[in-house]
Amino acid sequence: MTAQTDTPGSVTTVYQVTGMSCGHCEGSVSGEISRIAGVSSVKAVASTGEVTVVSENPLDDEAVRAAVDEAGFELAGKA
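### Focus on the overall build of the chain
Okay, step 1: A tally of helices and strands in the chain yields 2 helices and 5 strands.
Okay, step 2: In sequence order, the chain lays out its α and β elements as β-β-α-β-β-α-β.
Okay, step 3: At a minimum sequence separation of 6, the contacts of the chain that also span at least 24 residues come to 60%.
Okay, step 4: Summing over all exposed atoms, the chain offers an accessible surface of approximately 4200 Å²; the carbon and sulfur share of this is 48%.

### Focus: helix 1 (residues 23–34)
Okay, step 1: Here helix 1 spans 16 Å end to end across 12 residues, near enough to the 16 Å set by a 1.5 Å rise per residue.
Okay, step 2: Looking only at helix 1, the buried set comprises C25, V29, S30, E32 and I33. The buried residues of helix 1 occupy an angular sector of 165 degrees when projected down its axis, which confines them to one face.
Okay, step 3: Where the residues of helix 1 are buried, they touch strand 2 (11–18), strand 3 (39–45), strand 4 (50–55) and helix 2 (61–71).

### Concerning the nonpolar core
For soluble globular proteins, the rule of thumb is that nonpolar side chains tend to be buried together.
Okay, step 1: In terms of nonpolar packing, the biggest core is built from 20 residues, with M20, V29, I33 and V51 touching the most fellow members.
Okay, step 2: It is helix 2 that provides the largest number of residues to this core, a total of 4 residues.
Okay, step 3: With near-sequence residues (within four places) excluded, V29 lies in contact with V17, M20, V51, V68, A71 and F73.

### Re the pattern of salt bridges
Okay, step 1: Taken as a whole, this structure holds 3 salt bridges when the rule is applied.
Okay, step 2: The closest approach of N and O atoms between E32 and R35, which form a salt bridge, is 3.0 Å.
Okay, step 3: Among the residues examined, E32 registers a relative accessible area of 18% and is labelled buried.
Okay, step 4: With a closest N to O distance of 3.6 Å, E62 and R65 form a salt bridge. Highlighted residues: E62 and R65, both in helix 2, separated by 3 residues, approximately one helical turn.
Okay, step 5: In this structure E62 comes out as partly exposed when scored by relative accessible area, which is 49%.

### With respect to the side chain of E32
Okay, step 1: By the secondary structure assignment, E32 is in helix 1.
Okay, step 2: For E32, the residues in contact, after removing those within four places along its chain, are A67, E70 and A71.

### Here we look at the packing of helix 1 against helix 2
Okay, step 1: One can describe the packing of helix 1 onto helix 2 by two numbers: an axis separation of 8 Å at closest approach and a directional angle of 140 degrees. With respect to helix 2, the element helix 1 is oriented oblique. Seen from above, helix 1 lies across helix 2 with right-handed handedness. Contacts from S28, V29, E32 and I33 in helix 1 reach V64, A67, V68, E70 and A71 in helix 2.

The rules behind the values
Residues numbered from 1 in each chain as written. Predicted model: local features only at pLDDT ≥ 70, side-chain atom pairs only at ≥ 80, totals over all residues. Heavy atoms only, no water. Helix = DSSP H or I, 4+ residues; strand = E, 2+ residues; numbered from the N terminus. Contact = heavy atoms within 4.5 Å. Areas by Shrake-Rupley, 256 points an atom, 1.4 Å probe, with all protein chains shown as cover. Expected span 1.5 Å × (residues − 1). Buried < 20%, exposed > 50% of the residue type's maximum accessible area, 1.4 Å probe, protein only. Arc of directions from axis to C-beta. Core = buried A, V, L, I, M, F, W, Y, C linked by side-chain atoms within 4.5 Å. Salt bridge = Lys/Arg side-chain N within 4 Å of Asp/Glu carboxyl O. Axes fitted to C-alpha atoms, helices over the stretch in contact; angles between N-to-C directions. Parallel < 35°, antiparallel > 145°, perpendicular 65-115°, else oblique. Left-handed = near helix turned anticlockwise from the far one by under 90°.

Printed below as a string of C-alpha cells:
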C-alpha cells in the first residue's frame, strides 16, 4: 500500500510489524514510532500486526524500521 493523503498536510501509511502479541507490544511500537519527527498519531494492532501512522509528510522507511527495531520488533514492510 502506498501512502495516502487523507487531509491537507496529513499522510497515512500502514506498516506490517511482526512479533507483536499484546497491548504492551502495541504500546512499545507506538511509543517508538511517535518519536519520529512529524508523526501525529500511531495505532498498532497486535492481532493483525498492522501499524497505522499519520504524519505531516511521508516518513523515511529506515527511520520507521529503526523505531520498530528499538521497540524489539521487526518491520516487514508496508501493508
